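# Tertiary structure, described
Each chain is listed here by its residues.
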Amino acid sequence: MLYQVLVSDRMRDESSVESATRAKEALHGCDIYSGCCTLKIEFAKPERLNVFKNDQDSWDYTLLEDVQPVQRSAPLLQSPQYTGGRPQPYNMDYGSGGPPPPGMMKDRHGPPPPHHPRDGRGYGPEGYGGEGFVPPPPMHHPNMPPQNQVIEEGGPPQQGAVMMVYGLDPQTVNADRLFNLCCLYGNVVRIKFLKTKEGTAMVQMGDAVSVERCVQNLNNVTVGDYTLTLAFSKQAYLSEVMNPYPLPDKSPSFKDYVGNKNNRFLTPASIHKNRIQPPSKVLHFFNTPPDVSDDQLLQVFKDYGVTPPHTISKFPLKSERSSSGLMEFQNISQSVMAIMACNHATIQHPGAKFPFVMKLCFSSSRQIGQGKGQNPNKSQNQNQEQNNQRQGQNNGMSEHEYY
């Protein structure tokens, strides 16, 4: 939904022009909520802004404060900035968000919330105001939290949801390949490569917890001739890049993944199915055609220019809709490169209307059994892995889901 708002300074002197310029420079390109509601600030053509009444559509802040508008019903939800980002019923006790700031008891309304990264369970603005919202007179809130910090209910401000990723291969890594790796640990919102720092990217995740998972599991991981270094960024969010420069493979250096169906933490059900695992040389694959052959799987990796696995073990079919199993690589470096290149690769099937989108994730197994003479513990690990996947704990997607 698109809204257009006109803002004017009645004085119209040199200082007001400077104020408008500063406001435009500070607000243009900012997101009201993490990954959405991006502000576009431009100078308007009208010389004067006429406001005839103060209501939910227009407001003249130069009117005397004792001139009160017609009171309407209270909003349905409290402002997210006082409730830890989670919608709470509106009441005079202000729920768990603490005491209201100065002036709140007078109007029972607060200012629109600042940029607030979401907690990973979805995107878009929280419910705020409702139809009964009446804009208040301007007020100052010295205790409002900094915009570059995530508010956790019942605790102090935490780190933001943006991380720095160093040590990427500048010739082969692009936004989609980095997404294929980071999506195993949380929802990816935006990815931006830095033109001035080759092999460096910034990734905005759905929340700070997702960034922490990435840092804990991917920091110092070797990928080919490079070693990844991940760290929290001081930046609160990534602004939209209107004209991204092209990477060596001609793909854009900036990409938005809000609403991407390959994010695996979009619903409570998918969050529950995810099993966070550190990189290992054994990968779990699922959502492949039910009769897929080893040669077909090997060809996928060859087509994307990465080393294919040396061992593939498919689970017995539980349904005719899709197949799953394990694949083992020579080392962790090869398995990470395989996930970056081939996670979400499509596999054609003559009996399906749409191609299958192969899903990959790191397995809890450390080695695939080799048949006769294998270590019993290895066989036990593989059986345990197979049982886990049958229970639906397969990194956010059902074994039988395909597109």
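Residues numbered from 1 in each chain as written. Predicted model: local features only at pLDDT ≥ 70, side-chain atom pairs only at ≥ 80, totals over all residues. Heavy atoms only, no water.

The name recorded for the protein chain in an unreviewed UniProt entry is RRM domain-containing protein, from Arctia plantaginis.

## Some words on the sheet that holds strand β5 (residues 201-205)
Overall, antiparallel pairing links the 5 strands, which are arranged β8-β3-β5-β4-β9 in an open sheet. Each edge of the open sheet carries a strand with a single partner, namely β8 (229-232) and β9 (254-256). The mean inter-strand angle of the sheet, taken between neighbouring strand axes irrespective of direction, is 20 degrees. As judged from the 4 bridges shared by strand β3 (residues 162-166) and β5, these two strands associate in the antiparallel manner. Its bridge partner lying in β5, V165 is registered against A201. With respect to the sheet, helix α4 (residues 208-218) is in contact with β3, β5 and β8, its orientation differing from that of β8 by roughly 150 degrees. (Pairing = 2+ DSSP bridges. Helix = DSSP H or I, 4+ residues; strand = E, 2+ residues; numbered from the N terminus. Axes fitted to C-alpha atoms, helices over the stretch in contact; angles between N-to-C directions. Contact = heavy atoms within 4.5 Å.)

## A word on the pairing of β3
With 4 of 5 residues buried, β3 is to be regarded as a mostly interior element. As defined by bridge partners, β3 adjoins β8 across 4 bridges and the pair is classed as antiparallel. By the bridge assignment, M164 is partnered in β8 with A231. (Buried < 20%, exposed > 50% of the residue type's maximum accessible area, 1.4 Å probe, protein only.)

## Looking at the packing of aromatic side chains
Inspection of the entire model under this criterion finds 2 aromatic pairs. Aromatic side chains F179 and Y257 sit 4.5 Å apart centroid to centroid with 10 degrees between the ring planes, which places their arrangement in the stacked category. Here F179 is found in helix α3 (residues 175-182), whereas its partner Y257 is found in the loop between β9 and α5 (268-273), with 78 residues between them in sequence. The exposure classification of F179 matches that of Y257, with both residues buried. Between F301 and F329 the ring centres are 5.8 Å apart and the planes differ by 75 degrees, which places this aromatic pair in the edge-to-face class. Within this pair, whereas F301 is found in helix α6 (residues 294-303), its partner F329 is found in the loop between β12 (323-328) and α7 (332-342), the two being separated by 28 residues in sequence. According to the relative accessible area criterion, F329 is buried, its value standing at 0%. (Phe/Tyr/Trp six-rings, centres within 6.5 Å; stacked < 30°, edge-to-face > 60°.)

## Points about the environment of P289
By the secondary structure assignment, P289 is in the loop between β10 (282-288) and α6. Measuring from C-alpha to C-alpha, the distance between P289 and M358 comes to 8.7 Å, with 69 residues separating the pair along the chain. Filtering out sequence-adjacent residues up to four positions away, P289 remains in contact with S322, S323, I347, Q348, H349 and F356.

## Examining α3
α3 sits mainly inside the fold: 6 of its 8 residues count as buried. Regarding α3, the residues found buried are A175, L178, F179, N180, L181 and C182.

## Quick word on the pattern of salt bridges
In the structure shown here, the tally under the stated rule is 5 salt bridges. The salt bridge partner of K40 is E240, with a shortest N-O separation of 3.6 Å. Residue K40 is located in the loop between β2 (36-38) and α2 (104-107), and its partner E240 is located in the loop between β8 and β9; the two are separated by 200 residues in the primary sequence. Accessibility expressed as a relative area gives 46% for K40, which makes it partly exposed. One salt bridge in this structure joins D176 and K255, with 3.0 Å as the shortest N-O distance. Here the residue D176 occupies a position in helix α3, and K255 occupies one in strand β9, the gap between them amounting to 79 residues. Its relative accessible area of 34% is what places D176 among the partly exposed residues. K255 gets classed as partly exposed once you look at its relative accessible area, which sits at 30%. (Salt bridge = Lys/Arg side-chain N within 4 Å of Asp/Glu carboxyl O.)

## Here we look at the sheet that holds β10
The 4 strands lie next to each other as β11-β12-β10-β15, forming an open sheet whose pairing is antiparallel. Edge positions in the sheet fall to β11 (311-314) and β15 (359-362), since each of these pairs with one other strand and no more. Here the strands of the sheet are splayed against their neighbours by 25 degrees on average, with no regard to which way each runs. Relative to β12, β10 is paired through 6 bridges, and the arrangement is antiparallel. Its bridge partner being in β12, H284 is matched across the sheet by L326. Packed on one face of the sheet, α7 meets β10 and β15 and runs near 150 degrees to β15.

## A closer look at the environment of D31
Mapped onto the elements, D31 comes out in strand β1 (residues 31-33). For the pair D31 and Y237, spaced 206 residues apart in sequence, the C-alpha separation works out to 8.0 Å.

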